[in-house]
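So the chains spell out like this:
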Amino acid sequence: LLATQVGRLGDMFGRVRMYEMGFLIFIIGSAACALAWNEASIIGFRVLQGVGGAFVTANSGAVIADLFPKERRGRAYGYNSVGWSLGAVLGIVLGGAIVTYVSWRWIFWINVPAGIAAYLLAVRVLRDHGERHRQRLDVVGMLLLGTGLFGLLWAMTQLATKSFTGGVAAILGTGLVLLVGVVAVERRRRAPMLDLSLFRIPTLSPMLLASLFQALANFAVLFLVIMYLQGVRDRSPLDASLILVPGYLVSGFVSPLGGRLSDKVGPVWPATVGLGIEAVALLLYARLGVATPLWTVAAAAVVNGIGAGLFFPANTTAVMRAVPQRQFGVASGMLRTFGNVGMVFSFAVAILVAGRAIPHQVAFAIFVGTTHLSTRLAGSFTEGLHAAFYASIAFMVLAALLSATRVLHAGRAPRRPAA
């Protein structure tokens, strides 16, 4: 939720500086999570950890855009995706092993030396190259956007675990009203936190919406497949994680190729084709049954990894090509915000669909690997998964259509906001 705000801070005070600050906050938050003494404390420290992650992810795209010219950014974003994929592989394998054989606290402790190493490397290698534009902080805009998104997403997570009540409706309605208020307020600000003029760039809105719907379609897949492997197929958290590793490895291999392709032919087609391939992967997942060979799950993960490897570097390249340099930070932050909103909604939708067949408490127990389903419930739950995957296919196709609309603007000069 903080990505847009901290991206703008990067434009104002230095993107590399904010990027490095993110690692420090993340390190402190991780150590605090490892020392947490109850549920409330770990939630609070996870928020701190998330703030650090927002500083890193929101500014990373802008730092790369500063360092590389337009004709080489696709390749750079491709190699950046390799880092994310390898990190995901290590996270899955180490996370599964730590939860199974050690303690959940070490999931957070392990972030501390890794974060310190990343911070020291960033300090040694990176220098700010972009121009800084010092402006007054738009505190009102930050509060409206942050509170509005928080209310909206909090209501969705509540719907994932509880029935629809007047309190949930009030939170949902308040969040929507605040987001509408953001538009009204930011249009009148001299130095807005969210520069709405960016949306007048013809290709930017489709790219951001494509990111949102891709996340909405794809991030629930990890949640649902792990529930299938642990609840229906009775696999341990480590075994379930290892089955998904090939997809991340393939994504890391394909990402540089997708980035280079974006540099050569433009980002529109690699991003759109990548989304189409991901839709095929979702179709494979939608055919899972209680006795489906497990290699089918791994094969679907590989297909999904190919699509993601094409989409992410291409879509990021397209966003950063479309905006002026002085707004690299806010554009990178907006892209991350749209993706994060889609991700949170994705998990909420997954729980809602899964909850049609089994109680929500059982769904969570399956996800953390503390129980599995009986034969009767396994069949019902698998049918519920099919509905979730078909819904995800619809979202992914919509993302591909939005991405494809950029073809209409390919021959036009981008219409940018005035400097």
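Cut-offs and rules
- Residues numbered from 1 in each chain as written.
- Predicted model: local features only at pLDDT ≥ 70, side-chain atom pairs only at ≥ 80, totals over all residues.
- Heavy atoms only, no water.
- Helix = DSSP H or I, 4+ residues; strand = E, 2+ residues; numbered from the N terminus.
- Phe/Tyr/Trp six-rings, centres within 6.5 Å; stacked < 30°, edge-to-face > 60°.
- Buried < 20%, exposed > 50% of the residue type's maximum accessible area, 1.4 Å probe, protein only.
- pLDDT = per-residue confidence, 0-100.
- Contact = heavy atoms within 4.5 Å.
- Expected span 1.5 Å × (residues − 1).
- Arc of directions from axis to C-beta.

1. A short note on unusual backbone geometry
No. 1: You will see that Asp 234, though not glycine, has its phi angle at about 60°, which is positive.
No. 2: Mapping Asp 234 onto the fold places it in the loop between α9 (204-232) and α10 (237-265).

2. A look at the packing of aromatic side chains
No. 1: Tallying each qualifying case throughout the model produces five aromatic pairs.
No. 2: Plain terms: the ring middles of Tyr 19 and Phe 23 are 5.2 Å apart, the flat faces sit at 85° to each other, and that makes the pair edge-to-face. Here Tyr 19 pairs with Phe 23, and both are found in helix α2 (residues 15-34), just four residues apart, close to one helical turn. Judged on exposure class, the residue Tyr 19 and its partner Phe 23 are both buried.
No. 3: Between Trp 37 and Phe 45 the ring centres are 5.8 Å apart and the planes differ by 75°, which places this aromatic pair in the edge-to-face class.
No. 4: A relative accessible area of 23% means that Phe 45 is categorised as partly exposed.

3. Overview of the confidence of the model for the chain
No. 1: Looking at the chain, pLDDT values average 81 and 84% of them are 70 or higher.
No. 2: When pLDDT is averaged over each helix and strand of the chain, the minimum, 62, is found for helix α14 (residues 360-367) and the maximum, 93, for helix α11 (residues 268-285).
No. 3: Counting contacts from residues 411-419, a segment whose pLDDT is below 50, to residues more than four positions away or on other chains yields 17 contacts.

4. Focus on helix α8 (residues 166-186)
At 3.6 residues per turn, the α-helix brings residues three or four places apart onto the same side.
No. 1: Relative to the 30 Å expected for 21 residues at 1.5 Å per residue, α8 spans 30 Å between its end C-alpha atoms, a close match to the ideal helical length.
No. 2: Along α8, the positions that sit buried rather than exposed are Val 168, Gly 175, Val 182 and Glu 186. Looking straight down α8, one finds its buried side chains confined to an arc of 40°; they lie on one side. Of the exposed residues in α8, the ones pointing more than 90 degrees away from its buried face are Gly 166, Val 177 and Val 180.

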